[in-house]
Amino acid sequence: MFKKIGIFFIILSIIFVCSCSSKGKKDGNKKRIITIAGSTSVMPFTEKLAEYFMIQNPKFIIDVQGGGSTAGIQACLNNTVDLGMSSRKLKPEERLNEIIICYDGISIVVHPENPIGGLTLDQVRGIFSGRIKNWKELGWIDRRIDAITREEGSGTRGSFEDLVMKGEEVDDSIMVQDSNGSVKEIVATDPYAIGYISLGLVDKRVKALIIDGVAPTISSIKTGAYKIMRPFLFLSHGDPDDYTSKFIEFVLSKQGQDLLKKEGLVGSYD
Amino acid sequence: MTKDTSIKEQIVKTVLTIFALSSLLFLFLIFIFILIEGSPLFIKVGLKNIILGFKWAPTKGSFGIFPMIISSFLVTFGALVIGAPLGLSCAIYLSEYSGKRLKMILKPALELLAGIPSVVYGFLGVIYIVPIIRNYLGGSGFSLLSTSIVLGIMILPTIISISFDSLVSVPRSYREGSYAMGATKWQTIYKIVVPSARSGILASFILGMGRAIGETMAVIMIAGNALKIPMNITDPLRTLTGNIALELAYATGDHRLGLFSTGIVLLVIIMALNYMANFGIKRRS
């Protein structure tokens, strides 16, 4: 019995030593780790950029984490990350270096079977403030509207409140989900739902509505015709260090911006 | 030799005592930690404005969690309505009717039910129960009813195992006395066995409630998380646990404190439920 346990421990320690030594080798090559955290809206795009960047620069490891805009700003202020991500504008007391990497539209989405193609900004505000509760009022069937908003503190919700609600409060009877993904999932499965998500995440499973006669597309955001849009920001506390600057340079380069455009975002230098 | 063994015994005893007390220490630390983090807001905003307030808008300075307290109790009650009859019947069947071989299959199966992670329950709820309710009862499907159904299934193992234990511990002489009076098996069960095991069964319900009120992951996925008190079984709702988990990621400052004070309220409710369950068990013995 004891022999067996002894053998087990020897094997364990061998594995441990081996893994340590291989890690040591990596350290010998001087891998440079950049940590990025913040908005869950910016995260998928940062991940994609990081992936390409790491292929071209194998010495870098970029660690991208979520947590939300506010958490990203906090982490950046506390110097626990190299870069923060935010999908909302900074408040005056949040003194950080802002780098606009691109612009994103927030699209109002419904189920593809929904015959309504467009609404006015006023109608959208009506739905989310609880004034319009039935699809009949918008010229469809007699069925309650299942509106979905994001949770308090989310960057997307913050932008939505600024750009659409304009001071009106989001009604309490509206459902709340904690990510772009789960809002999209509900809208894609519930024919009577309406929600708002990043334009970059819109695909065939949901239908983006035309707002005030303007469809949310890259060109309409670029010209400013589509009003519900916000900047995606990278944040640094003071000037970023050399390694981090290299990643930022890549993001703002033509290649990086093209990658973002392919994902449905609007480049910052167009 | 004997002296050596007694020293060994002493060491083992001391070590075990320290470990046993450490779990108590954890409970104590958790309680202190939540209290320190959450109580400043109670002082700042006022106990009444938090517990009886209707408006939850933490970024705008309102911290009312009354609708969530009500919603938490509603789903818990709903879970009990669904879970209690099912669980109790299962426990009665297991202790009174089932043969040994069937018991050998059923018992481990129920333990497996307890081991399924709650996110899996939530996922199944979203995929199957929510669309059924949306199509047949209206509303979005993310509702009081769907949450109650899923929680009702989740508390089954708790109810069954504790009710089963208390039914089995009813002395055989009670049953034999009843049979001797000419009572049938069913008469014996509902007139003698179940009433004698009453306090244990009650305790199982209360512990089931504790599990339901504390459940988080499955609830966030199915409840819809709207802030209003549900007026209908097809209305969405938000529980205390759901509120914490939903907003913690983004919360800073007073918002974070608000979530901790939600935690205090939850802790007090769960402690009260556990105390009631213990009281129920003690009264029997």
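Residues numbered from 1 in each chain as written. Chains lettered and ligands numbered in written order. Predicted model: local features only at pLDDT ≥ 70, side-chain atom pairs only at ≥ 80, totals over all residues.

J.: Is there a simple way to think about the overall build of chain A in this case?
T.: Tallying secondary structure elements over chain A gives nine helices and twelve strands in all. A separation threshold of at least 6 residues defines the contact pool for chain A, and within that pool the share at least 24 residues apart is 74%. (Helix = DSSP H or I, 4+ residues; strand = E, 2+ residues; numbered from the N terminus. Contact = placed C-beta atoms within 7 Å.)

J.: Looking at this structure, I do not really get the overall build of chain B. What am I missing?
T.: The number of helices and strands found in chain B is 13 helices and two strands. Long-range pairs, those at least 24 residues apart, make up 73% of the contacts in chain B between residues at least 6 apart in sequence.

J.: So what exactly am I meant to see when it comes to the domain arrangement of chain A here?
T.: The accessible area lost on association of the parts is a frequent measure of interface size. Residue and element names in this part refer to chain A. When cut into domains, chain A gives domain 1 (29-103 + 232-267) and domain 2 (105-223). Between the C-alpha centres of domain 1 and domain 2 there is a distance of 27 Å. Grouping the constituent residues of the side of domain 1 that touches domain 2 by class yields four nonpolar, nine polar and three charged. (Domains from an automatic or database assignment. Nonpolar A, V, L, I, M, F, W, Y, C, P; charged D, E, K, R; others polar.)

J.: It is not clear to me how the nonpolar core should be interpreted in this structure. Could you clarify?
T.: It is characteristic of soluble globular proteins that their nonpolar side chains tend to be buried jointly. Core analysis: the biggest nonpolar cluster contains 131 residues, and Ile108(A), Val150(B) and Ile222(B) have the highest contact counts within it. Residue-level mapping places this core at the junction of two domains, with at least three residues from each of domain 1 (29-103 + 232-267) and domain 2 (105-223) of chain A. When neighbours within four sequence positions are excluded, Ile108(A) is seen to be in contact with Leu119(A), Val124(A), Ile194(A), Tyr196(A), Ala208(A), Leu209(A) and Ile211(A). (Core = buried A, V, L, I, M, F, W, Y, C linked by C-beta atoms within 7 Å. Buried ≥ 20, exposed ≤ 12 C-beta atoms within 10 Å, placed from the backbone.)

J.: For this particular structure, what's the right way to read the interface of chain A and chain B?
T.: Each partner contributes to the interface: chain A provides 21 residues, whereas chain B provides 23 residues. Listed by contribution, the elements that provide at least two residues to the side of chain A that touches chain B are helix H3 (69-77) and strand E7 (175-177) of chain A. Classifying every residue of the side of chain A that touches chain B gives five nonpolar, nine polar and seven charged.

J.: Explain the confidence of the model for chain B to me, please; I cannot follow it from the model alone.
T.: Fine structural detail should not be taken from predicted coordinates in areas where pLDDT scores are low. Residue and element names in this part refer to chain B. Per-residue confidence for chain B gives a mean pLDDT of 90, with 98% of residues at or over 70. At the level of individual helices and strands, chain B shows its lowest average pLDDT in helix H13 (residues 254-284), which scores 85, and its highest in helix H6 (residues 144-154), which scores 95. Two summary scores accompany this predicted model of the complex, namely pTM at 0.80 and ipTM at 0.80. (pLDDT = per-residue confidence, 0-100.)

J.: Even after reading the chapter, I still don't get helix H5 (residues 118-137) of chain B, so can you show me in this structure?
T.: An α-helical turn contains 3.6 residues, so any two residues separated by three or four positions project in the same direction. Residues and elements named next belong to chain B. The end-to-end C-alpha distance of H5 is 25 Å, clearly below the 28 Å that 20 residues give at a rise of 1.5 Å each. Helix geometry: H5 is bent most strongly at Gly125, by close to 40°. Along H5, the residues that are buried comprise Tyr121, Gly122, Gly125, Val126, Ile129, Val130, Ile133 and Arg134. Those residues of H5 that are buried are in contact with H6 and helix H11 (217-223). Positive phi appears at Gly138, one or two residues downstream of H5, with a value of about 85°. (Expected span 1.5 Å × (residues − 1). Bend = angle between axes of the 7 residues up to and from the residue.)

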